[in-house]
Amino acid sequence: MKNIINSEPVILALTIFCFLLGTLINKKYSKPYTSPILLAIIFLIPLLLVLDIDYPTYEKGTHVITFLLAPTVVALGYNMHKQSKSIKKNIVPILITVFIGSLVGVLSVIGICKLFNAPMEIMTAMEPKSVTMPIALGISERSHGILSLTAVSVAICGILGSVIGPWLLEKIKVKSPVAKGLAMGAASHGIGTARAMEMGPVEGAVAGMAIGIMGIFTSIIIPIIEKLM
């Protein structure tokens, strides 16, 4: 029985079921806190605990989803191509905004960690929190950060951004689709970009572009700041 529960088809089915359940709830009660990804996590964690499925087993069982992340990110290029006119017109503001966002993202982590006297390993692990997972893990590994903490920080950042981001942008009356896309993509990477695509085609395209630029800037900024420190 244990072998069946720990099998890839069962784990994959549980994951998809939790996400579909979250999607159905989100369609019926469309609120910031009913994000399908957030609900899927809330449903999935108790299931894994009850069924005694540890993380390595779960990771192995969902490797297909992990594999599909790469082509999914590449597919964002098609949407960017369709919105190339909007992007070209705003390329300078986009680059400046993402650079500032990257700088603030890194410095805010350093400031908070210094304030609470956090160990260097924790600080370096959390510095790339606003960068997409593969890049963030690479930056953290190079800086000798705690990779598991990096993964958790990136996931939390993405989920919070996708849940709170649209609501916050509406409250502060941000109207520009480009500005919305930049905020979602630069602050909450892939998960935020998925939410931005629901907001509109321009928002989704700009958010997808912001992911890549944010990764480049952050991978350059962090080593420079570490040397200065």
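Residues numbered from 1 in each chain as written. Predicted model: local features only at pLDDT ≥ 70, side-chain atom pairs only at ≥ 80, totals over all residues. Heavy atoms only, no water.

A. Structural context of the packing of helix 2 (residues 8–28) against helix 3 (residues 36–50). Helix 3 packs onto helix 2 with a crossing angle of 135° between their chain directions and a minimal axis gap of 8 Å. The pairing of helix 2 with helix 3 is recorded here as oblique in orientation. Our pair here, helix 2 against helix 3, has a crossing hand that is right-handed. Residues Leu14, Thr15, Cys18, Phe19, Leu21, Gly22, Thr23, Ile25 and Asn26 of helix 2 lie in contact with helix 3, whose contacting residues are Pro36, Ile37, Leu39, Ala40, Phe43, Leu44 and Leu47. Here the residues of the contact of helix 2 with helix 3 are counted per class, giving 12 nonpolar, 4 polar and no charged. (Axes fitted to C-alpha atoms, helices over the stretch in contact; angles between N-to-C directions. Helix = DSSP H or I, 4+ residues; strand = E, 2+ residues; numbered from the N terminus. Parallel < 35°, antiparallel > 145°, perpendicular 65-115°, else oblique. Left-handed = near helix turned anticlockwise from the far one by under 90°. Contact = heavy atoms within 4.5 Å. Nonpolar A, V, L, I, M, F, W, Y, C, P; charged D, E, K, R; others polar.)

B. Expanded view of the state of the cysteines. Scanning the model with the defined rule gives 0 disulfides in all. Here Cys113 stays free of any disulfide, with the sulfur of Cys157 as its closest cysteine sulfur at 14 Å. (Disulfide = S-S within 2.5 Å.)

C. Structural view of the environment of Ile96. Tracing the backbone shows Ile96 in helix 7 (residues 91–115). With 79 residues separating them in the primary sequence, Ile96 and Lys175 have C-alpha atoms 19 Å apart.

D. Region of interest: the nonpolar core. Of all hydrophobic cores here, the largest spans 26 residues; its most connected members are Ile87, Ile94, Val98, Val178, Leu182, Val206 and Ile213. At the level of elements, helix 7, helix 9 (133–142), helix 11 (177–199) and helix 12 (201–228) are the ones that each hand at least two residues to this core. Top contributing element to this core by residue count: helix 12, with 11 residues. Ile94 has contacts with Ile87, Val178, Leu182, Val206, Met209 and Ile213, leaving out every residue within four places of it along the chain. With 9 residues, the next largest nonpolar core counts Ile5, Leu14, Leu44 and Leu48 among its residues. (Core = buried A, V, L, I, M, F, W, Y, C linked by side-chain atoms within 4.5 Å. Buried < 20%, exposed > 50% of the residue type's maximum accessible area, 1.4 Å probe, protein only.)

E. Spotlight on the environment of Leu95. Along the chain, Leu95 falls in helix 7. Taking the C-alpha atoms as reference points, Leu95 and Met214, separated by 119 residues in sequence, lie 9.1 Å from one another. Among all residues touching Leu95, those that are not within four sequence positions of it are Ile213 and Phe217.

F. Structural detail: the side chain of Thr15. As for its position among the elements, Thr15 is in helix 2. Judged by relative accessible area, Thr15 falls into the buried class, the value being 14%. Of note is the side chain of Thr15, whose polar atom sits 2.9 Å from the backbone oxygen of Ile11. Apart from residues no more than four positions distant in its own chain, Thr15 is found in contact with Leu44, Tyr58, Thr62 and Ile65. (Polar contact = N/O pair within 3.5 Å; in protein donor to acceptor, adjacent residues only side chain to side chain.)

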